[in-house]
Amino acid sequence: MARKDLLKNLMTAPVPDDGRAPLPRSDRGAIGAVSKSINELKSRAIIEVPADMIDDAGIEDRLDDDPAGIEALMSSIREYGQQVPVLLRHSPNVEGRYDIVFGRRRVAALRRLGLPVKAMVRSLNDRELVVAQGQENSARKDLSFIEKANFARQMVAAGYDRKLVCDALSIDKTVISRMLTVVEALPDRLIRAIGAAPSAGRDRWLALAQKAQGRPIEDLVPLAVGPDSDRRFAAVLSALNSPPARPAAQVLASADGATLGQVRRSKAKTVIELDRGGHDFADWLIDRMAELHRDWQKGRS
């Protein structure tokens, strides 16, 4: 067969009947690259979302409501607009709604201003959400030690392993262990009563945790007094550093009104102290202690 006829037969040969002619490999690769680029652009695109369509999600990262900070953020947005977008995901529970990954304060400020939220939207499962939230928190300088420690505690309580906690906060296992030592030793009520305490670093929180061991929560929370969280922290630490106050003394008097001594009561014990002139009475009391106690028991029964 002549070369010309061979080429003609090849060009007119039927295409295999699979529904459509296969595209050349170069075309498939180009289309795949374009599709990938479009998806990447979508993930980086900034859209506007109504603030009332956004819900909280993930793990609580702040201990203080910070109304002054929200007001300052609102003032900045009024003057300059929202300069930094937040990160959202599509809600897995409600069609058309969104969950906050990070940017809660910006969403709160824009909600109060009645403005839409500029946001990037990504498809994230719960695990990916807390990792993204943790990585954002680890890069921020305005979150205090105890807020990051509380974030780690919540991740562990939610069932995430230590490695993921370390990856999310970009810290090693030693730092995570120290964080968890603090938040496990201190009652959550006390941490929240104190607040973020941005000036109190790891070492001071560790000292507070050590000194608070064995102390009832009812004794600790009332100590957190002050106009801001740093001073509330200082008040609690100062009170725990101070020696325990001696309980108030009650005067013991004789039948004729003369002072015999005093008695001091605490939760742990009752101490009777007799003055120097009461030594003879003390000896008499000691000799008859068993008999007096027996009579007291009979009276109770």
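We now turn to the structure provided with this report. Computed from a prediction, not measured in an experiment: that's the story for all the values here.

Our next topic: the overall build of the chain. Looking only at helices and strands, one finds 14 helices and eight strands in the chain. Taking all 301 residues of the chain together, the buried fraction comes to 31%. When the accessible surface of the chain is split by element, carbon and sulfur atoms take 53% of a total near 19700 Å².

Our focus in this paragraph is the pairing of strand S6 (residues 249-253). The pairing of S6 with strand S7 (residues 259-265) spans five bridges and is antiparallel. The residue of S7 that forms the bridge with Ala 249 is Arg 264. Between S6 and the antiparallel strand that follows it, S7, lie five residues; Gly 257 among them carries a positive phi value of about 95 degrees.

Turning to the packing of helix H6 (residues 145-157) against helix H8 (residues 173-185), a few remarks are in order. Relative to each other, H6 and H8 sit at 90 degrees, their axes nearing to 9 Å. Looking at the two axes, H6 sits roughly perpendicular to H8. Residue-level contacts link Phe 145, Ile 146, Lys 148, Ala 149, Asn 150, Ala 152, Arg 153 and Val 156 of H6 to Ile 176, Met 179, Leu 180, Val 182 and Val 183 of H8. Split into classes, the residues belonging to the contact of H6 with H8 amount to 10 nonpolar, one polar and two charged.

This brings us to the pattern of salt bridges. One side chain can pair with another of opposite charge once the charged atoms of both are near each other. Per the counting criterion, the structure on display carries 10 salt bridges. For Arg 104, the salt bridge identified is with Asp 56, shortest N-O distance 3.9 Å. Taken as a pair, Arg 104 in helix H4 (residues 104-113) and Asp 56 in the loop between strand S2 (54-55) and helix H3 (67-80) lie far apart in primary sequence, 48 residues in all. Several salt bridges converge on common partners, so that one network encompasses Arg 89, Asp 99 and Asp 126.

Right, let's talk about the sheet that holds strand S1 (residues 46-49) for a bit. Pairing in this open sheet of five strands is mixed, and the strands run S1-S5-S3-S4-S2 from one edge to the other. Taken across any chain shown, the strands that pair with only one partner, and hence form the sheet edges, are S1 and S2. Looking at chain direction, S2 and strand S4 (residues 98-102) are connected through two bridges and run parallel. Its bridge partner lying in S4, Asp 55 is registered against Asp 99.

This brings us to a nonpolar patch on the surface. Side chains of Phe 281, Trp 284 and Leu 292 sit close together on the surface and give an oily, nonpolar patch of about 260 Å² of accessible area. Following the sequence through the fold, Trp 284 ends up in helix H13 (residues 279-287). Under the relative-accessibility criterion, Trp 284 is labelled partly exposed at 37%.

Here we take up the nonpolar core. Formed by 45 residues in total, the largest nonpolar core has its most connected members in Met 155, Leu 186, Ile 194, Trp 205, Leu 208 and Phe 233. No other element matches the six residues that H6 contributes to this core. Setting aside chain neighbours within four positions, we find Phe 233 in contact with Ile 194, Ala 197, Ala 200, Arg 204, Trp 205 and Leu 208. With 17 residues, the next largest nonpolar core counts Val 49, Val 86, Tyr 98 and Ala 119 among its residues.

Positionally, Leu 115 belongs in the loop between H4 and strand S5 (117-122). For Leu 115, a relative accessible area of 37% puts it in the partly exposed group. For Leu 115 and Ile 77, which are 38 residues apart along the polypeptide, the C-alpha to C-alpha distance reads 9.8 Å.

Moving on: helix H7 (residues 162-169). Within the sequence span of H7, burial applies to Leu 164, Val 165, Cys 166, Ala 168 and Leu 169. Where H7 begins, one side-chain oxygen reaches toward the backbone nitrogen of Lys 163, 3.2 Å away; that side chain belongs to Asp 161. Just past H7, the residue Ser 170 takes up positive phi, approximately 55 degrees.

Our next topic: helix H12 (residues 229-241). Note on helix geometry: an α-helix contains 3.6 residues per turn, so any two residues three or four positions apart are oriented the same way. An ideal rise of 1.5 Å per residue puts 18 Å on 13 residues; H12 measures up with 18 Å between its terminal C-alpha atoms. Against the buried residues of H12 lie helix H9 (188-194), helix H10 (202-212) and helix H11 (217-220). Between a side-chain oxygen at the N-terminus of H12 and the backbone nitrogen of Asp 230 the separation is 3.1 Å; the capping residue is Asp 228.

Definitions and limits used
Every chain begins its residue count from 1, and numbering advances along the sequence as written. Where local features are concerned, this predicted model is filtered to residues with pLDDT of at least 70; where side-chain atom pairs are given and counted, the filter is 80 or more; whole-chain, interface and lining totals use all residues. Hydrogens and waters are ignored; side-chain quantities use all the structure's heavy atoms. Counting from the N terminus, the helices are the DSSP runs of H or I reaching at least four residues and the strands are the DSSP runs of E reaching at least two. For every residue, the accessible area obtained with a 1.4 Å probe (protein chains only) is divided by the maximum for its type, and the residue is called buried under 20%, exposed over 50%, and partly exposed between those limits. Only the protein chains shown count as cover for residues, and the accessible areas themselves come from Shrake-Rupley with a 1.4 Å probe. For two strands to pair, DSSP has to find at least two bridges joining them. All axes here are fitted lines through C-alpha atoms, helices being fitted over the stretch that makes contact, and every angle between N-to-C directions spans 0 to 180 degrees. Geometric relationships in this document are graded by angle, where less than 35 degrees denotes roughly parallel, more than 145 denotes roughly antiparallel, 65 to 115 denotes roughly perpendicular, and other angles denote oblique. What makes two residues a contact is simply this: any of their non-hydrogen atoms within 4.5 Å. For this classification, the nonpolar set comprises Ala, Val, Leu, Ile, Met, Phe, Trp, Tyr, Cys and Pro, the charged set comprises Asp, Glu, Lys and Arg, and every other residue, Gly included, is treated as polar. Only one rule defines a salt bridge in this text: a Lys or Arg side-chain nitrogen within 4 Å of an Asp or Glu carboxyl oxygen. Residues enter patches when their relative accessible area tops 30% and they take part in no salt bridge; the joining distance is 9 Å for like charges and 5 Å for the nonpolar side chains Val, Leu, Ile, Met, Phe, Trp and Tyr. Think of a nonpolar core as a cluster: buried Ala, Val, Leu, Ile, Met, Phe, Trp, Tyr and Cys residues, connected wherever their side-chain atoms sit within 4.5 Å. Here a polar contact is recorded for every N or O atom pair within 3.5 Å, except that within protein the pair must consist of a potential hydrogen donor and a potential acceptor, and residues adjacent in sequence are included only if both atoms are side-chain atoms. Take the number of residues in a helix, subtract one, and multiply by 1.5 Å to get its expected span.

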